[in-house]
Amino acid sequence: TEMAEKIDAIAASRHVTGNRAIIDLLDDAITSYEQRRAAFLELADRFQRSTDPTETERLRDELERMTFGS
């Protein structure tokens, strides 16, 4: 019920149907996931290629945050 109310509120604010709001939200979520995944893979590649110990440590910390949270 709570989720349906949230969807209805989003749909009303966007002037679309509930189904359209769900599709838009899923599209936004998929886009966000793909962006996070690409950023992670790019960072992992930079980490793997790094030869500077200071940069390697910084990249390792950033990968850790991305994987396990802050």
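Here, every reference points to the structure presented above.
> Got a minute to help me understand the overall build of the protein in this structure?
Check the secondary structure of the protein and you find three helices and zero strands. By the compact-globule yardstick of 11 Å for 70 residues, the protein is too spread out, its C-alpha radius of gyration being 19 Å. Along the three orthogonal principal directions, the C-alpha set of the protein runs to about 55 × 20 × 15 Å. By the burial criterion, 11% of the 70 residues in the protein qualify as buried. With the model as given, the accessible surface of the protein reaches about 5700 Å², and the carbon-plus-sulfur share is 54%. Of the charged side chains in the protein, 10 are positive and 15 negative, and the gap between their average positions amounts to 2 Å.

> Got a minute to help me understand the pattern of salt bridges in this structure?
Opposite charge on two side chains allows them to pair when their charged atoms are near. The tally for this structure, following the rule as stated, stands at eight salt bridges. The partner of glutamate 42 in a salt bridge is arginine 46, with the nearest N and O atoms 3.6 Å apart. Here glutamate 42 and its partner arginine 46 are both found in helix 2 (residues 18–49), four residues apart, which amounts to about one turn of the helix. Across the pair aspartate 45 and arginine 49 runs a salt bridge whose closest N-O atoms are separated by 2.9 Å. Residue aspartate 45 and its partner arginine 49 are located together in helix 2, separated by four residues, close to a single helical turn. The exposure class of aspartate 45 is partly exposed, given its relative accessible area of 34%. One salt-bridge network, in which partners are shared between bridges, spans Arg14, Arg20, Asp24 and Asp28.

> In this structure, what is going on with the side chain of serine 50? I would like to understand it.
Among the structural elements, serine 50 can be located in the loop between helix 2 and helix 3 (53–68). Residue classification places serine 50 among the buried positions, given a relative accessible area of 16%. Among the polar contacts made by the side chain of serine 50, one reaches the side chain of glutamate 55 at a distance of 3.0 Å.

> Please clarify how helix 3 should be interpreted in this entry.
Since the α-helix advances by 3.6 residues per turn, residues separated by three or four positions end up pointing in the same direction. In this model helix 3 runs 22 Å from its N-terminal to its C-terminal C-alpha over 16 residues, within 8% of the 22 Å that 1.5 Å per residue would give. Residues of helix 3 that are buried make contact with helix 2. Looking at the residues trailing helix 3, positive phi occurs at glycine 69, about 90°.

Rules behind the numbers
- Throughout this document, residue positions are counted from 1 along each chain, in the order its sequence is written.
- Local features in this predicted model are restricted to residues whose pLDDT is 70 or higher, and side-chain atom pairs enter the listing and the counts only when it is 80 or higher, whereas totals over whole chains, interfaces and linings include all residues.
- The side-chain figures draw on all heavy atoms in the structure; neither hydrogens nor water molecules are used.
- Secondary structure elements are defined from DSSP: runs of H or I of at least 4 residues count as helices, runs of E of at least 2 residues count as strands, and each element is numbered from the N terminus.
- For the radius of gyration, the atoms used are the C-alpha atoms, and the globule rule reads 2.2 Å times the number of residues raised to 0.38.
- Think of it in three bands: residues with accessible area under 20% of the maximum for their type are buried, residues over 50% are exposed, and the middle band is partly exposed, with areas taken using a 1.4 Å probe on protein chains only.
- Methods summary: accessible areas were calculated by the Shrake-Rupley approach with a probe of 1.4 Å, and residue burial reflects only the protein chains presented.
- Under the convention used here, Asp and Glu are negative, Lys and Arg are positive, and both His and the chain ends fall outside the count.
- For the purpose of locating charges, the reference atoms are NZ of Lys, CZ of Arg, CG of Asp and CD of Glu.
- Salt bridges are counted wherever a side-chain nitrogen of Lys or Arg sits within 4 Å of a carboxyl oxygen of Asp or Glu.
- We call two N or O atoms a polar contact when they sit within 3.5 Å, provided that within protein one can donate a hydrogen and the other can accept it, with sequence-adjacent residues counted only if both atoms are side-chain atoms.
- One fewer than the residue count of a helix, multiplied by 1.5 Å, yields its expected span.
- Only heavy atoms enter the contact rule, under which two residues are in contact if any of them lie within 4.5 Å.

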